[in-house]
Amino acid sequence: VQLQASGGGLVQAGGSLRLSCVASGSFIAVHNMAWYRQAPGKRRELVARINHGGETTYADSMEGRFTISRDNAENTVFLAMNNLKPGDTAVYYCNADVRPYGSTWHNYWGQGTQVTVSS
């Protein structure tokens, strides 16, 4: 199972970006999908999570500016980020609970995509 994230880049403060992450490989199902971020010198933190039914959870500081969504048919999770601030600069990682064939549920991480917001 692999998680491939994309969509990061350099944007000015107030701008927008849309991240995507697709789960690929041999698996039966994908349950929770989430985005985390890690800024230099800081701990990795949850940005938002969405379950298979579409229920969402956001970190307090990001709700209203960020929107998580998913396409279950494509096993893809998205993160739309609006009104970006320099404090949003970080590596963004996708995360998912996946059940591979012949196995139980496992938690997987993507490789991360850099988001840089300039002032």
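As the structure is a prediction and not an experimental result, all values here were calculated from the model.

Reading the values: rules and limits
- Residues numbered from 1 in each chain as written.
- Predicted model: local features only at pLDDT ≥ 70, side-chain atom pairs only at ≥ 80, totals over all residues.
- Heavy atoms only, no water.
- Helix = DSSP H or I, 4+ residues; strand = E, 2+ residues; numbered from the N terminus.
- Rg over C-alpha atoms; globule rule 2.2 N^0.38 Å.
- Buried < 20%, exposed > 50% of the residue type's maximum accessible area, 1.4 Å probe, protein only.
- Areas by Shrake-Rupley, 256 points an atom, 1.4 Å probe, with all protein chains shown as cover.
- Lys, Arg positive; Asp, Glu negative; His and termini not counted.
- Charge placed at Lys NZ, Arg CZ, Asp CG, Glu CD.
- Pairing = 2+ DSSP bridges.
- Axes fitted to C-alpha atoms, helices over the stretch in contact; angles between N-to-C directions.
- Disulfide = S-S within 2.5 Å.
- Phe/Tyr/Trp six-rings, centres within 6.5 Å; stacked < 30°, edge-to-face > 60°.
- Salt bridge = Lys/Arg side-chain N within 4 Å of Asp/Glu carboxyl O.

Right, let's talk about the overall build of the protein for a bit. Regarding its fold elements, the protein presents 0 helices and 11 strands. In the protein, the succession of helices and strands from N to C terminus is β-β-β-β-β-β-β-β-β-β-β. For a compact globule of 119 residues, the expected C-alpha radius of gyration is about 14 Å, and the protein comes in at 14 Å, within 12% of that figure. Principal-axis analysis of the C-alpha atoms gives the protein an extent of 50 × 25 × 20 Å. For the protein, the residues scored as buried account for 42% of the 119 residues in total. When the accessible surface of the protein is split by element, carbon and sulfur atoms take 46% of a total near 6300 Å². Separation of charge centres in the protein, based on 10 positive and 8 negative side chains, amounts to 6 Å.

This paragraph deals with the sheet that holds strand S1 (residues 2-6). Taken in spatial order, the 4 strands line up as S1-S3-S8-S7 in an open sheet, and their pairing is antiparallel. Single-partner strands in this sheet number two, and they are S1 and strand S7 (66-71). Neighbour to neighbour, the strand axes of the sheet diverge by 15° on average, direction disregarded. Across 5 bridges, the pairing between S1 and strand S3 (residues 17-24) is antiparallel.

Okay, the state of the cysteines next. Any covalent bond linking the sulfur atoms of two cysteines counts as a disulfide. Counted according to the given criterion, the structure contains 1 disulfide. Here Cys-21 pairs with Cys-94 through a disulfide, and the sulfurs are 2.0 Å apart. Around the S-S axis, the bridge from Cys-21 to Cys-94 shows a dihedral of about 50° and counts as right-handed. Of this pair, Cys-21 sits in strand S3 while Cys-94 sits in strand S9 (residues 90-100), placing them 73 residues apart in sequence.

Each aromatic ring pair is characterised by the separation of its centres together with the angle its planes make. Counted by the stated rule, this structure contains 2 aromatic pairs. Between Tyr-36 and Trp-109 the ring centres are 4.9 Å apart and the planes differ by 65°, which places this aromatic pair in the edge-to-face class. You can see Tyr-36 sitting in strand S4 (residues 27-38) and its partner Trp-109 sitting in strand S10 (residues 106-109), a full 73 residues away along the chain. For Trp-109, a relative accessible area of 38% puts it in the partly exposed group. Pairing Tyr-93 with Trp-109 gives two aromatic rings, centres 6.4 Å apart and planes at 90°, and the pair type is edge-to-face. Of this pair, Tyr-93 sits in strand S9 while Trp-109 sits in strand S10, placing them 16 residues apart in sequence.

Our next topic: the pattern of salt bridges. Proximity of charged atoms lets side chains of opposite charge pair with each other. Overall, the coordinates contain 3 salt bridges when judged by the stated rule. Glu-45 is the partner of Arg-37 in a salt bridge, and the nearest nitrogen-oxygen pair spans 2.8 Å. A relative accessible area of 34% places Glu-45 in the partly exposed class. Put simply, Arg-37 and Asp-88 hold a salt bridge, and the shortest N to O gap is 2.9 Å. Of this pair, Arg-37 sits in strand S4 while Asp-88 sits in the loop between strand S8 (76-81) and S9, and the two are 51 residues apart along the sequence. There is no split in this pair, since Arg-37 and Asp-88 are both buried.

Nothing here speaks to function; it is all geometry.
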